Structures are given as structure tokens and as C-alpha cells.
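Geometric and topological summary
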Amino acid sequence: MSALEVAGLTKDFRKLRAVDDVAFELQPGRITALVGESGSGKSTVARVIARLYEPTAGSVRFEGRDATSRARRHDVLRYRSQVQMIFQDPFGSLNPVKTVAHHIERPLRIHRIVPRSQVKARVQELLETVGLVPPEQIAPKYPHELSGGQRQRVAIARALAVEPSVVLADEPTSMLDVSIRIGVLNLMLKLKEERGLTFLYVTHDLASARYVADDMLVMYAGQIVEQGPTEQVLQNPLHPYTRLLLSAVPDAGRSREAFARAPRRVADATVGCRFVARCPLAIDLCRREAPTLEEAHPSQSARCHVTAPRSWQASA
Amino acid sequence: MSQLEPTVLELPVAAPPRARTLRRVRVPGWLLLLLRNPKSRTGLLMIGTIVLVALIAPLISVSDPNGFSITAARQAPSWHHLFGTTDQGSDIFSQVVVGARRSLLLGLAAGALATALATVLGITAAYSGGVVDDVVNFLINVFLTIPPIPLLVVVSGYLKARGMGTMILVLAAVLWAFEARILRGQALSLKNRDFIHAAKVSGESTWRIVFGELMPNMISRIAAAFVLVFYIALLTDAGLEFLGLGDQSKTSWGVTLYWAQTNSTVLQGEWWPFLFPGAALALTVLGLVLVLAGIDEVSNPRLRVFRPKRGVLRTLLVGARA
Amino acid sequence: MTGVLEGEMQELRRQATDALVELRDLVVDYAAPEGRVRAVDHVSLEIRPGEIVGLAGESGCGKTTVANAIMQILRPPARVTGGRILFQGEDLIGRSSEDLRRYRWRNVSMVFQSAMNALNPVMRVGDQFVDMMRAHERIPRRDALARAEELLELVGIDGRRVRAYPHELSGGMRQRVIIAMALALRPELVIMDEPTTALDVVVQREILQEVDALKRELGFAVLFITHDLSLLLEFADRIGIMYAGELVETAPARGFAEEALHPYTLGLLRSFPPVTGPLERMKGIPGTPPDLAKPPSGCRFHPRCPHCLPEDAPLHARQTQERPVLREVGAGHRVACHLVEAGTS
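Residues numbered from 1 in each chain as written. Chains lettered and ligands numbered in written order. Predicted model: local features only at pLDDT ≥ 70, side-chain atom pairs only at ≥ 80, totals over all residues. Heavy atoms only, no water.

**Notes on the overall build of chain C**
So the rule is basically this: Helix numbers and strand numbers start at the N terminus; a helix is a DSSP run of H or I with at least 4 residues, a strand a run of E with at least 2. Computation of the radius of gyration draws on C-alpha atoms, with the globule rule given as 2.2 Å multiplied by the number of residues to the power 0.38. Under the scheme applied here, a residue whose accessible area is under 20% of the maximum for its type counts as buried, over 50% as exposed, and between as partly exposed, the area being computed with a 1.4 Å probe on protein chains only. The criterion used for residue contact is that any of the two residues' heavy atoms lie within 4.5 Å. Only the protein chains shown count as cover for residues, and all accessible areas are computed by the Shrake-Rupley method using a 1.4 Å probe.
Broken down by element type, chain C carries 13 helices and twelve strands. Taking 20 Å as the expected radius of gyration for a compact globule of 345 residues, we find that chain C reaches 21 Å, a close match to that expectation. The dimensions of chain C, computed from C-alpha atoms along their principal axes, are 75 × 50 × 40 Å. The buried share among the 345 residues of chain C stands at 55%. By sequence separation, contacts in chain C at least 24 residues apart represent 65% of the contacts at least 6 residues apart. For chain C, the exposed area adds up to about 15300 Å²; of that, 51% sits on carbon and sulfur atoms.

Structure representation (C-alpha cells):
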């Protein structure tokens, strides 16, 4: 029973297809990483799920209902009380003229999570949960008086206020100092373990994805090109793009090895596989026909003719 | 981890001052800020004085502002006529003091109405986008391209009612579009910031996002729009009177200035019909602009400066930084 | 104590003849409304010809200020208030602005973080090269354009792209253009300030490999400034770690991860989750970097240091009152830490 399902999701911005027929499920109580470079469409996927954009095609199903259709305010509110989002820029996601307390109080009041008399107390509890102590000193502060890590924790507290079941985290650590990142990632892990929250962790950083995520989805040019359990995908990557990413990540643990220099980048192809211009494994078929996502190992799929060819065995 | 987050022991500067009770009067935090900022304090004093003068005008104006007197015409300022007299013999001091009422009221009302229109339409258009934005944009462009004087002439031909109300409406109608465009532009740049998206994801209604999250970030600009409209309203006041929209029997700064200009008084070396009403207008606007500086601090917590509490008298004598 | 100092001085003098750029006790202050902020506090560093020196640290540590000081582009309210900046043995401080103008870009050039900030969006790429070259030498436009084409090819871009506008190029290509511009006058040192932070991992690696190859071909040195220590471990020859305006550790890159000693360096290393190998819960570094207007007394890292001793320990007084000094602990390896000095760690 999945927490949230995305099926056939497509989003166009004028002529640009940012997201192309994306489908996946978020398993409850697990962190799923959505990994890709800028321009891969990963942030767009998160924003569609958050109902900030309307999809061009496809659906997001939550609790058995399509969350992307034009719904009544009551239904939208219900959805928003269950699916929340954390943004990339800690300063940009907070209103500069409002206090920390305001940011956390608003969702509490809108969704009537607690009676009015208990709102202040709940704000302090939430601040303590995310490690912002002493809460009575943090609550009246304005965003510019906090550090980047503190701001991001406020954003997390705000998301937690409605007691959601799914949290979409869009590159929550990429604008934070390196030594602060682990703290925020550990907080996510703690929330997953203690509260059974489901996370969609959007990132371009494979290392942090490995650190927090149970499952991994790799996106390229608007499509999912590989998916599976994190360790499995990283130890045995199927799609050539995943392999390329993995070899490009700086890692202290590896020696200075030669990196297979990909051929000069040209525009992605329109017919056939989108990765063909950069792919060391490309065969003739790749230029003619676009591959589909096929399961090559148990629970691991990839979109590649060579490493995950379409199975000829008819599905039973 | 908790004890290593910086705990703040010094006064949080950006928090607004708690409302204080001065002799059983609750003074709100924002007013305190305005009073503590030296610029806005000066501005408030200036405006306060002018408003006070306008209020007690009937008490201090010795002559009828519209009174004729051939013998007293074109007299320079003297003890009898503090600001001199016009070419018709009317006492300019009375005109300025009594005229203050109409001018201030006109500026305030027209400014408020035009700014309110510009704010609501501009921000709503920016945030809603789509058809709403197209419609409002079209309206703005129409109102911007229509030359004001012909518009006023046409309108005055249709309107039966005369007087303040009509003038206020007409002024607001002519002046809202300019500011609406500017406010729309600012709202457009703000609406794609993540905190607006975050408010949406939290479940805030559109109305609350526009007025509760977006607009508070625009207060400085809105206040500045008000001051500009105020100023222009006062200047065009005379033109409207001339077109017959106003009430001929009432006087105002604009009217006084208008007659001073048409009678070529300066050419004859008579500076007083210009200087006094002009100075009144200029000082009022200057006061408003100084208050704007304080409003910046009220609306933007990042600009707030720590000012230790001290008595008003001490501040006046010693200065704020001593 | 003096013996060690003398040894230091001797070594410095020995290296002085080798070093391309040498910072000796550099101090840079900012005049901020709340008082004087010391952005760089007695930093000493050498860069030898042809080597890649990495400077790592987090926001506010002063690494960009160091770069700006070497480039001599510090503007008020920032000022060099102490120490010396030597280029090929000669002090840059106090040189005439004409000398400095020739020095910049010819001897030392800089690659900034965001190419879009450095490229004029309404000029073609080739024209920007021409502009820059003609500011430094008399050269006919046609020749300058030809050089521009060559330089683009050098960094892996089709030479015909000289006619392109910056927005027509991808992020990676724009960054390559910036690098080409930095190399145009064949400088001896190229300072790169977070050159690949805004780029994706694959492009980043391509560009760094190209820079490596170019370095071997043209023989320039690189000062590579970044917050991403893991990049430096693969790419640099020597690494320096900065914290709160001070240089706390320098060591060769080879074996850096195994031999690092300073608690901050260790904390930083432990902030990068591994992509391969065993995975375990990491701690990062609790707390936040200090306010440079009021830095902690003694060792600047002591409020966050897991090894900071409790109040009754004898070393505690030193840790909280005395600033540790960089001391040599191994071949080319220097650490500024009381604990390391005392032999415990």
C-alpha cells in the first residue's frame, strides 16, 4: 500500500517538456531519493506533487484519490494537511517580514491542528523537535537573524506543523554549509524513524542520497531512467547515466582514477533514447527507438535497451 | 547539539517594541518605532503641527479668507496681515490656515482612494495572472493614456454633484493607474519567491496570501505611492476648481496658488501669495516623506536599528546617538 | 619555543626562493557598523609554480577574501591591515595602481563562481575576449579574435562559438569561457573561486580534468577555493583548511584524509557521506561558525570542538585564551591546535 503514487506524469512549460511520463510510488515510512541534474525535471515533479503546478497529463494519487484534479477547497486543504514541502533556499522560503512564530502558527491555525489556546505551546514543541532551542528565544526572531541551518529547521518545523504523512524535500541542504548538512539530514532520518514519515528527497548529490534514502529514482531529461533500492542501484548501476554520475562524484575513498570522458555534449535526441549522444553503450536500436523502463533485476528497473532490454516473456 | 546553537542574550533588535502604556494610553509598537526614528519623528511633528493649525483654523484666522477689500489689496506681510494679502484684498494667512483643511482632506482622501485602488488591483492582477491580469493591465493602460485634463472636462460635464466628493473621486480615477503599474511590477517579482509557494502549500487562501504575506513586503512602496498621489492631488486641486468641479466658495492651498499664478503677482514683485501656501504644501509633503523613512523601518525588520530607550526631552537635547 | 620559531623562519626563507605567491601573516579587516571585523587573521601560505593549492572552508572563513587580496581587488570597507603578499618575492602591497593593473590578469587571473556574473550578457563572447586583451596589450581586433578562437578550442569549445552570446551557451560552456579568458594572457597563477559549484557533477569533473590537462601543458599554478573538500582530495596537490579567518591546517593532498589532525578538519571530512564503502550515521559538526565581529577567545573552534577539554583540565585555559599557532607536524603538514601540540589527540 503506497503512500503516494505518481502515474504518467507529464508537465510542459510552453514548448519545453520538463517532465515526461514519470511514474513511481512512495512507500510509507521510507525515504525515496529523486536524483538528477539541474534541468532533469526533478524539482518540477516535486512541485506538481505539491500542487504548485498543474500537470499537463497524468495523475498523483493520494489516499485513493487523484490529487491533481480541480478539487474543492475542502479536498485541497485535506491534501495539504497530509503532503508538505521543504524548499531549497532557506532564506527565500521564509517571509522576511514575519517572525518564526508566524511561519509555524499559520499552518496550525489554518488546519486547526490544536485549539487556539494551545497554539503557542505547540509552536514551541515543534521548535524543540527540530532542535531549535531555547524555543521561546527563537520564536520571536525574524529570518535574517538566524543562520542558514536554523532557517531550514524552521522550514521543517513549519512542514511538520500539520502532522503530514508525506514530506517533499526539494534540495533542502544544497544551500547550506557542508558541516550543517549532516545535521539536517540526520533530522530527516530521525523524523522518518520516530514518526514514520514518508520523504521524497530531491537532490543532485548522490552521496547524500545514499546517506538518507532507502530507494532511489534517477532522472534524466524529464524521464526516470533507473529506479530501485539505493544500495542496489549504487552498487550495480544499470543505466549508463547512473554509471556516469557515480563515476563523476568526488569521493575521498577512491583513488584518482581516470574518468571516462564523455563525448562533447550535443542536444538530446528527439527520436530514440535521449541519452544516446553521451552513451558509451549505444547501439543502433538506441537511435531508432526510445527504450522503456524495464525490470532487469528484482525491484530494480532501468530505461536502457542494452542493460535492461524488453523482456520477451509475456507478462503472465 | 542544542546548547551549541547560539542563544541570544542581548535584546532582539528586530522584534517590534512591545506596546507601552504611557499614562494609561497604549502606544502600539509601530508608533513607537516611528517616534524613535529621528527622521520620522521630525516628520510626524511637522505634520502634527500642520494638522493642528488646520483644526484650530477658525480660531486663528482673523479675516474671512474670501473677503474682498480694495484698500487692503496687494499688501506685503505685516502685523495686520501676517502673510500679506492677495490682489483682491483677501488675507493670505487666513487662506492658508483655513485652506489647510480642504487641502489636507483632499490629499488624504484622494491619496487613500487612489492607493487603495492601485494596491488591490495591482497586486491581485500580479498574483492571479491570466485573464484577471489581462483585464487589469488593459484598464491601467487605458487610464494612463487618457490625458487627464480632457478626461476631467468630460467628467465634469457629466457629473451633477459638485464639491469635495466629486473631486476626490476624479483625482483617484486619474492617479491610480500609474501606481498600480508599479505595484503590480513589484508584486510580480515577489510572487515567485519560495515563501509564497510555501504559504500556498501550507493551505493559505489566495486572499490571505495576497494581503497577509505579499502586501506586508510592499508597505514601503505603497506608502510612497500614497505620498506621491497626495502631492499631485494638491497641485491639481486648483485645476479642478477652475473646471468647476470644486466648491467655489471654499478655499484651499491649490486655489490660492492658482490665483497667485494667474495674477502674475511675481512679475510685480509680490512673493507672498506664492511663498506661504507653497511652503505649506512643501512642508506637508516633506513631513510625509520623512515619515516614509520611519515606515521603511517598521515594515522591514532588517532595517531596524537598536535605539536605547530614553526620554523624549533628552533625545531632543542631546541627540539620538549620544 | 624560540627554537621552533627559528626553524619556521628558516624554512620560510628556504621556500621563499621557490614560492610563486607567498602570504606572510596576512591580515584583512572590514569596517562594519558593529565594529572592526577581522576576515583574515594572520594567514601564511605559499603557492609554488605549477602546483594546485586547495583552500577549503565554509561560509565566512575568509577564503574568498584571501583570493581577493592576492588579486589585489579588495575594496573598502575591506583593507589589508597587516602582513605581506609576495609575488615572485616582491611585495604587492604599496605598489602603484598601474603596476597592479598590469599584474592583474597577466600574472594572476581569477575565475569566479558564477560565469553569468562575469560575462556581459549583451556582448558576444568573442568581443569580450577582445575587450579584455586590448585592455592589456596593443593588438588588432582580428588577431585578438583569432586568439579568442584558439582559447575556446583549448578549453574544449568549438571555436566558431566566438560569435555566440552568453545565454546561448550552457552553464558548463560559460564556465569554460571564463576559464579561457582567465588563461588568455598566460598567467602564472589562476585563482578559482568555487568555479564548479553551480554546475552538475559530470560537467564539474570534465572541467576539472581539462584544467588539470591545461595546467600540465601551460604550467600555471592554481589556487582552488571551495567548500567541497572532497573535490580537493582528488584534484589538489596541497590543501589548506580555513576556519573563522584563520588557516588551521595545511597538508599534502595525498593521504590527507588519513593524516588530518585538526578537529575541524576531521569534522569536515566526516561531513561528506561516502558514495562507496560502509555507511554509518555521521555527526557533522554541531553549532555554527562564529560571528567574526566577536570571535571566541583562544582557539576559535573551541565552542564546537568535541575535544575541547572540560574546565578542570590544565589545557583548558590555553584552549580558551590562547590562539594556537601553525606548527609543523610532518612533511609539509602544519596544524594549529593546542591538543596536537601537547601530543594528545
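Next, the rest of the story.
**Observations regarding the overall build of chain A**
Helix and strand counts for chain A come out as eleven helices and twelve strands. For chain A, whose C-alpha radius of gyration is 21 Å, the value lies close to the compact-globule estimate of 20 Å for 316 residues. Overall, the C-alpha framework of chain A stretches about 70 × 50 × 35 Å when taken along its three principal axes. Residues counted as buried form 59% of the 316 residues belonging to chain A. Of all intrachain contacts in chain A linking residues separated by at least 6 positions in sequence, the fraction that spans at least 24 positions is 63%. Only carbon and sulfur atoms are counted for the fraction: they give 49% of the accessible area of chain A, which is about 13200 Å².

**Brief notes about unusual backbone geometry**
Where the residue is not glycine, phi is negative for most of them; where a peptide bond is considered, it is trans in most cases. The omega torsion of the bond from V133(A) to P134(A) falls at -5 degrees, within 30 degrees of zero and hence cis. For P134(A), the position within the fold is in the loop between α4 (119–129) and α5 (135–138). The residue after P76(C), namely P77(C), is reached through a cis peptide bond having omega 10 degrees. Note that P77(C) resides in the loop between α2 (63–71) and β4 (78–87). Phi at R112(A) takes a positive value of approximately 50 degrees, unusual for a residue other than glycine. Following the sequence through the fold, R112(A) ends up in the loop between α3 (100–110) and α4.

**So, the sheet that holds strand β9 (residues 215–220) of chain A**
By way of backbone hydrogen bonds, the strands of a sheet pair with one another, either parallel or antiparallel. All names here are of chain A. Quick note on the threshold: Paired strands, as defined in this entry, are two strands with at least two bridges between them according to DSSP. Only the stretch in contact is used when fitting a helix axis, every axis being a line fitted to C-alpha atoms; angles between N-to-C directions are given from 0 to 180 degrees.
Within the open sheet, the eight strands sit side by side as β6-β7-β8-β3-β9-β10-β12-β11. Their pairing is mixed. Whereas interior strands pair on both sides, the edge strands pair on one side only; in this sheet they are β6 (83–86) and β11 (294–297). When the angles between neighbouring strand axes are averaged without regard to direction, this sheet yields 20 degrees. Pairing geometry for strand β3 (residues 31–35) and strand β8 (residues 198–203), over five bridges, is parallel. Note on β8: the bridge partner recorded for I31 is F199. Lying over the sheet, helix α1 (residues 42–49) contacts β3, β6, β7 (166–170), β8 and β9, oriented at roughly 145 degrees with respect to β8.

**Observations regarding the interface of chain C and chain A**
Which entries qualify depends on this criterion: The term buried area refers to how much accessible surface (probe radius 1.4 Å) is lost by two components on association, counted for both of them together. Between Lys or Arg on one side and Asp or Glu on the other, a salt bridge is scored when a side-chain nitrogen of the former is within 4 Å of a carboxyl oxygen of the latter. Polar contact is defined as a pair of N or O atoms within 3.5 Å, subject to the rule that within protein one atom must be able to donate a hydrogen and the other to accept it, and that residues adjacent in sequence are counted only when both atoms are side-chain atoms. Residues are grouped as follows: Ala, Val, Leu, Ile, Met, Phe, Trp, Tyr, Cys and Pro are nonpolar; Asp, Glu, Lys and Arg are charged; every other residue, Gly included, is polar.
Counting residues at the interface gives 44 residues for chain C, matched by 35 residues for chain A. Buried area between chain C and chain A, both sides added, is near 3400 Å², and the carbon and sulfur share of it is 53%. At the junction of chain C with chain A, the criterion picks out one salt bridge. A salt bridge links R281(C) to E193(A); its shortest N-O distance comes to 2.8 Å. At the junction of chain C with chain A, the criterion picks out ten residue pairs in polar contact (both at pLDDT 80 or more). When residues of the side of chain C that touches chain A are traced back to their parent elements, those giving at least two are α8 (201–218) and α9 (229–235) of chain C. When residues in the side of chain C that touches chain A are grouped by element, the largest group, seven residues, is from α8(C). Residues belonging to the side of chain C that touches chain A are distributed by class as follows: 18 nonpolar, twelve polar and 14 charged.

**Some points on the pattern of salt bridges**
All names here are of chain A. Per the stated rule, a full pass over the model turns up 42 salt bridges over all chains. Between D170 and R47 there is a salt bridge, with the nearest N and O atoms lying 4.0 Å from each other. Of the two residues, D170 is situated in strand β7 and R47 in helix α1; the sequence distance between them amounts to 123 residues. When its relative accessible area of 3% is taken as the criterion, D170 is described as buried.

**Considerations on the domain arrangement of chain A**
Residue and element names in this part refer to chain A. For clarity, the cut-off: What fixes the domain bounds is an automatic or database domain assignment.
Each domain of chain A was delimited in the assignment, giving domain 1 (4–235) and domain 2 (237–316). Across the interface of domain 1 and domain 2, roughly 1800 Å² is buried in total on both sides, 52% from carbon and sulfur atoms. The shortest N-O distance in the salt bridge between D20 and R274 comes to 2.4 Å. Linking domain 1 with domain 2 are twelve residue pairs in polar contact (both at pLDDT 80 or more). For the side of domain 1 that touches domain 2, the secondary structure elements donating two or more residues are β2 (16–26), β9, β10 (223–229) and α9 (230–235). The residue makeup of the side of domain 1 that touches domain 2, split by class, is eleven nonpolar, five polar and four charged.

**Side note on the interface of chain A and chain B**
Contacts between the two partners involve 37 residues from chain A, matched on the other side by 32 residues from chain B. Of the roughly 2900 Å² buried at the junction of chain A and chain B (both faces included), carbon and sulfur atoms supply 54%. Run the count over chain A and chain B and you get two salt bridges. Of the charged contacts in the structure, one is a salt bridge between E204(B) and R106(A), with a shortest N-O distance of 2.7 Å. Remark: the boundary between chain A and chain B carries eleven residue pairs in polar contact (both at pLDDT 80 or more). Only α2 (73–80), β6, α3 and α6 (148–161) of chain A provide two or more residues apiece to the side of chain A that touches chain B.

**Section: the sheet that holds strand β5 (residues 65–66) of chain A**
Residue and element names in this part refer to chain A. Read from one edge of the open sheet, four strands run β2-β1-β4-β5, paired in antiparallel fashion. Either end of the sheet is taken by a strand with one partner, and the two such strands are β2 and β5. Judged from the seven bridges that link them, strand β1 (residues 4–13) and β2 form a sheet pairing that is antiparallel. Across the sheet, L9 pairs through a bridge with V22, a residue of β2.

**Here's the deal with the nonpolar core**
We count it as follows: We call a set of buried residues a nonpolar core when its members are Ala, Val, Leu, Ile, Met, Phe, Trp, Tyr or Cys and they connect through side-chain atoms within 4.5 Å of each other.
F129(C), L189(C), I191(C) and L229(C) are the most contacted members of the largest nonpolar core, which has 104 residues in total. In terms of residue count, helix α7 (residues 171–183) of chain C provides more of this core than any other element does, eight residues in total. When near neighbours in sequence (up to four residues on either side) are disregarded, I191(C) contacts A67(C), I70(C), M71(C), V108(C), S109(C), M110(C), V111(C), L223(C) and I225(C). Ranked by size, the runner-up nonpolar core spans 67 residues in total, among them V35(A), V123(A), V212(A) and V275(C).

**What about the packing of aromatic side chains?**
Which entries qualify depends on this criterion: Between 30 and 60 degrees the pair is tilted, below 30 it is stacked and above 60 it is edge-to-face, where a pair is any two Phe, Tyr or Trp rings, Trp via its six-membered ring, whose centres lie within 6.5 Å.
What the rule picks out here adds up to 16 aromatic pairs over all chains. With a centroid separation of 5.0 Å and 75 degrees between ring planes, the pair formed by F83(B) and F93(B) is classed as edge-to-face. Taken together, the positions of F83(B) in the loop between α3 (57–60) and α4 (92–128) and F93(B) in helix α4 put the pair ten residues apart, joining distant regions of the chain. Between the aromatic rings of Y264(C) and F301(C), the centroid separation amounts to 5.3 Å while the plane-to-plane angle is 65 degrees, which identifies the pairing as edge-to-face. Residue Y264(C) is found in helix α11 (residues 263–269), and its partner F301(C) is found in the loop between α11 and α12 (315–321); the two are separated by 37 residues along the sequence. A network of ring pairs unites the aromatic residues F83(B), F93(B), W271(B), W272(B) and F276(B) as a single cluster.

**Here we look at the confidence of the model for chain C**
Quick reminder of the rule: For every residue, the predictor states its confidence as a pLDDT score lying anywhere from 0 to 100.
For chain C, per-residue confidence averages 85 on the pLDDT scale, and 92% of positions sit at 70 or higher. Per the prediction output, this complex has pTM 0.85; the corresponding ipTM is 0.90.

**Quick notes on the packing of α4(B) against helix α11 (residues 253–262) of chain B**
Residues and elements named next belong to chain B. Test applied: What sets the label is the angle itself: under 35 degrees gives roughly parallel, over 145 gives roughly antiparallel, 65 to 115 gives roughly perpendicular, and the rest give oblique.
Between α4 and α11, whose axes approach to 7 Å, the crossing angle comes to 120 degrees. In terms of orientation, α4 and α11 fall into the oblique class. Contact with α4, carried on its side by Q95, V96, G99, A100, S103 and L104, involves W253, G254 and T256 of α11 and no other residues of that element. Across the contact of α4 with α11, the residue classes break down as four nonpolar, five polar and no charged.

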